[in-house]
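Residue strings, one per chain:
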Amino acid sequence: MDPVRNPYAPGAGQRPPELAGRDREVRQFEVVLERVAAARPERSLVLSGLRGVGKTVLLNALRSLALSRAWGTGKVEARPDRSIRLPIAQALHAASRELTPRHRDPERAEEFLGVLKAFALETSVKDRKGVRWRPPYDVPALRGRADSGDLELDLTELFTAAGELARDLGVGVAVFIDEMQDIQPDELAALCGACHEISQRGVAFVVVGAGLPHLPTALSASKSYAERLFRYISVDRLERDAADRALTVPAMSEDVEFEPDALAALHEVTDGYPYFVQAFGKATWDVAPKSPICADDVKVAAPEAEAELAVGFFGSRYERATPAEREYMRAMAELGARLADRPVPTADVAALLGRKPQSLSPARDGLIKKGLVYAAERGSVAFTVPHFGAFLRSQHD
């Protein structure tokens, strides 16, 4: 098969040629856009799931949908070592560029930019380091709006100003936050508080967040009402028919077909995880001599796909861990073999390593901060990456 025509796209956040299995989520967001534009109450959204299930892809697809409805949009990727104040300001500056050219009242547009500038100027010197973006320099900061230094109050005033600007045009503003679990706890509480306030006021503004499976728990811990504040959507592996569509639809555009046995073999090795579907689809295409692609082609391609995943998807994450953290993960993997890779009790990890649970807290906390494991429930941990336990069991130091 011609590798130049290979339609599959394994990559971090890279949209696959066929966004299969996400129709329900897209329809739900379409309703949100319509309701907010019609000045009806609606909740913000939170997407959660393991790595490799396509959260970022879906987040970007929802942003594209908002753009197609002429909304103002901006995107933030949260980091555990950085305040969200300046990234939020950048995102809303991007949203304003989509709205202000269409606004008939230049003074209203300038007023919003003045609020935005006042909000951004409250960023600490530490959080400005390494950031080239600067607030709009051609408008004065509007003092007394979004510049109190209290993040919750300032976010509320900034979101309200953005929503009012969009309401004039009959649309809204949406901010998309990736890796939302990495927002510092006090700032996550401030964000929830601001979302709560603007939802009560009916402001034309929504937040769409995406993060790891423990994100809903983190939100609930930050504000008791967070469980009612957002619409939570669990993003999981694809069902068999959707996984097949993710493979067959792009191939059909290149006049290539799959034999049923090949699709069955691909589903067995990918388990329906979108990133794996793309990775194995790409490798299988490259080795297949002709159409239709058969099960033997999948068998030949599998070692190559697995080797690439071992380096780029699994190995790169493993290398980020310290020796103590790697020991902890290997113990998790060994226990996971007995539990079908379900969450493992932290007490069992300690028992396997012959250590006291308290002595392993630094390793566990380090892995959580690096996004390699998450606290699935009280007293247990799980890998954030599907099949990571199987990968570790296959390695030999």
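This one's a predicted model, so the numbers in the text were calculated from it and none came from an experiment.

The next point concerns the overall build of the protein chain. Within the protein chain, the secondary structure is distributed over 17 helices and 8 strands. For the protein chain, whose C-alpha radius of gyration is 23 Å, the value lies close to the compact-globule estimate of 21 Å for 397 residues. Projected onto the principal axes, the alpha-carbon positions of the protein chain cover approximately 65 × 60 × 35 Å. Taking all 397 residues of the protein chain together, 50% fall into the buried category. A sequence separation of at least 24 residues applies to 76% of the contacts in the protein chain between residues at least 6 apart. Accessible area of the protein chain: about 18,500 Å², with a carbon and sulfur share of 49%. In the protein chain, the 52 positive side-chain charges and the 57 negative ones have mean positions that sit 4 Å from each other.

Within the structure shown, the criterion is met by 24 salt bridges. Here the residues in one salt-bridge network are Glu 30, Glu 34 and Arg 69, joined through shared partners.

So, about helix α13 (residues 295–319). For α13, built from 25 residues, the straight-helix expectation of 36 Å at 1.5 Å per residue is met to within 8% by its first-to-last C-alpha distance of 33 Å. Where α13 bends most, the angle comes to about 40°, and this point is Ala 310. When we look at burial in α13, the residues that qualify are Asp 297, Val 298, Ala 301, Ala 302, Ala 305, Leu 309, Phe 313, Phe 314, Gly 315, Arg 317 and Tyr 318.

Moving on: unusual backbone geometry. A cis amide bond links Ser 291 to the next residue, Pro 292, at an omega of 0°. With respect to the helices and strands, the residue Pro 292 is situated in the loop between α12 (274–287) and α13. Even without glycine at this site, Ala 146 takes up a positive phi of about 60°. Under the relative-accessibility criterion, Ala 146 is labelled buried at 0%. A positive phi angle is found at His 387, which is not glycine, with a value near 70°.

Quick look at the packing of aromatic side chains now. The final tally for this structure, using the stated rule, is 13 aromatic pairs. Ring centres 6.1 Å apart and planes at 70° place the aromatic pair Phe 29 and Phe 176 in the edge-to-face group. One end of the pair, Phe 29, is in helix α1 (residues 23–37); the other, Phe 176, is in strand β3 (residues 173–178), and 147 residues separate them in sequence. For the pair shown, Phe 29 and Phe 176 are each scored as buried. Measuring from centroid to centroid gives 5.9 Å for Tyr 273 and Phe 276, while their planes differ by 75°, and the two rings are edge-to-face. In this pair, the class of Tyr 273 matches that of Phe 276, namely buried. Grouping aromatic residues by their ring pairs yields a cluster made of Tyr 273, Tyr 275, Phe 276, Phe 313, Phe 314, Phe 383, Phe 388 and Phe 391. Over the face of the ring belonging to Phe 119 we find Arg 85, whose NZ or CZ atom lies 4.6 Å from the ring centre.

Our focus in this paragraph is the sheet that holds strand β6 (residues 344–345). Across the sheet, which stays open at both edges, the 3 strands sit in the order β6-β8-β7 with antiparallel pairing between neighbours. Looking at the sheet topology across the chains shown, the edges are occupied by β6 and β7 (373–377). Pairing of β6 with strand β8 (residues 380–383) involves 2 bridges; the strand directions are antiparallel. In the sheet register, Pro 345 faces β8, and the bridge partner there is Ser 380. Across the face of the sheet, helix α14 (residues 323–338) comes into contact with β6, β7 and β8 while running at roughly 95° to β8.

Below, the discussion takes up the nonpolar core. Grouped together as the largest cluster of nonpolar side chains are 126 residues, with contacts concentrated most on Phe 29, Ile 88, Leu 92, Phe 159, Ile 177 and Phe 205. Discounting residues that sit within four places of it in the chain, Leu 92 has contacts with Phe 112, Leu 116, Leu 158, Phe 159, Ala 162, Val 173, Val 175 and Phe 205.

Moving on, we get to the packing of α12 against α13. Relative to each other, α12 and α13 sit at 130°, their axes nearing to 8 Å. Between α12 and α13, the crossing angle belongs to the class labelled oblique. Handedness of the α12/α13 crossing: right-handed. Contacts between α12 and α13 pair Tyr 275, Phe 276, Ala 279, Phe 280, Ala 283, Thr 284 and Val 287 from the former with Asp 297, Val 298, Val 300, Ala 301, Ala 302, Glu 304, Ala 305, Glu 306, Leu 309, Phe 313 and Phe 314 from the latter. In terms of residue class, the contact of α12 with α13 is made up of 14 nonpolar, 1 polar and 3 charged.

Caution is warranted with low-pLDDT regions, since their predicted coordinates should not be read in detail. For the protein chain, the mean per-residue pLDDT works out to 93, and 99% of the residues sit at or above 70. Within the protein chain, β3 carries the highest mean pLDDT (98), whereas helix α5 (residues 125–128) carries the lowest (83).

Our next topic: the sheet that holds strand β1 (residues 44–48). Adjacent strands of a sheet form backbone hydrogen bonds with each other and so pair up, either parallel or antiparallel. Spatially, the 5 strands line up as an open sheet ordered β2-β3-β4-β1-β5, and their pairing is parallel. The open sheet has two edge strands with one neighbour each: β2 (72–77) and β5 (230–234). Averaged over all neighbouring strand pairs, the angle between strand axes comes to 15°, with direction disregarded. By the bridge criterion, 4 bridges tie β1 to strand β4 (residues 205–211) in an arrangement that is parallel. In the sheet register, Val 46 faces β4, and the bridge partner there is Gly 209. With respect to the sheet, helix α6 (residues 151–167) is in contact with β3 and β4, its orientation differing from that of β4 by roughly 120°.

What counts, and where the lines are drawn
Throughout, residues of each chain are indexed from 1 in the direction in which the sequence is written. Thresholds applied to this predicted model are a pLDDT of at least 70 for local features of residues and 80 or more for the giving and counting of side-chain atom pairs; totals over whole chains, interfaces and linings are not thresholded and use all residues. The side-chain numbers reported here are obtained from all heavy atoms of the structure, hydrogens and water having been left aside. Numbered from the N terminus, helices here are DSSP runs of H or I no shorter than four residues, and strands are runs of E no shorter than two. In this treatment the radius of gyration is a C-alpha quantity, and the globule benchmark scales as 2.2 Å times the residue count to the 0.38 power. Relative accessibility thresholds used throughout: buried, under 20% of the residue-type maximum; exposed, over 50%; partly exposed, between the two (1.4 Å probe, protein chains only). Should any heavy atoms of two residues lie within 4.5 Å, those residues are considered in contact. Throughout, the Shrake-Rupley method with a 1.4 Å probe supplies accessible areas, and for residues the shown protein chains are the sole cover considered. Charged residues are defined narrowly, with Lys and Arg counted positive, Asp and Glu counted negative, and His plus the chain ends left uncounted. Note on charges: their place is set at NZ of Lys, CZ of Arg, CG of Asp or CD of Glu. What makes a salt bridge here is a side-chain nitrogen of Lys or Arg within 4 Å of a carboxyl oxygen of Asp or Glu, nothing more. In this analysis, the expected span of each helix is defined as 1.5 Å times one less than the number of residues it contains. Consider a residue and the seven residues that end there alongside the seven that start there; fitting an axis to each set, the bend is the angle between those axes. The criterion for an aromatic pair is that two Phe, Tyr or Trp rings (for Trp, the six-membered ring) have centres within 6.5 Å, with stacked assigned to planes under 30 degrees apart, edge-to-face to planes over 60 apart and tilted to the rest. When the NZ atom of lysine or the CZ atom of arginine is within 6 Å of a ring's centre and also within 35 degrees of its normal, the charge is said to sit over that ring. Criterion used throughout: strands pair if DSSP finds at least two bridges between them. Inter-axis angles, ranging from 0 to 180 degrees, are taken between N-to-C directions of lines fitted to C-alpha atoms, where helices are fitted over the stretch in contact. Note on terminology: a nonpolar core comprises buried Ala, Val, Leu, Ile, Met, Phe, Trp, Tyr and Cys residues joined through side-chain atoms within 4.5 Å. Angle categories: roughly parallel below 35 degrees, roughly antiparallel above 145, roughly perpendicular from 65 to 115, and oblique for all the rest. The handedness criterion is simple: a crossing whose near helix is rotated anticlockwise from the far helix by less than a right angle is left-handed, and one whose near helix is rotated clockwise is right-handed. Each residue gets one label: Ala, Val, Leu, Ile, Met, Phe, Trp, Tyr, Cys and Pro are nonpolar, Asp, Glu, Lys and Arg are charged, and the others, such as Gly, are polar. Every residue is assigned a pLDDT by the predictor, reflecting its confidence on a scale from 0 to 100.

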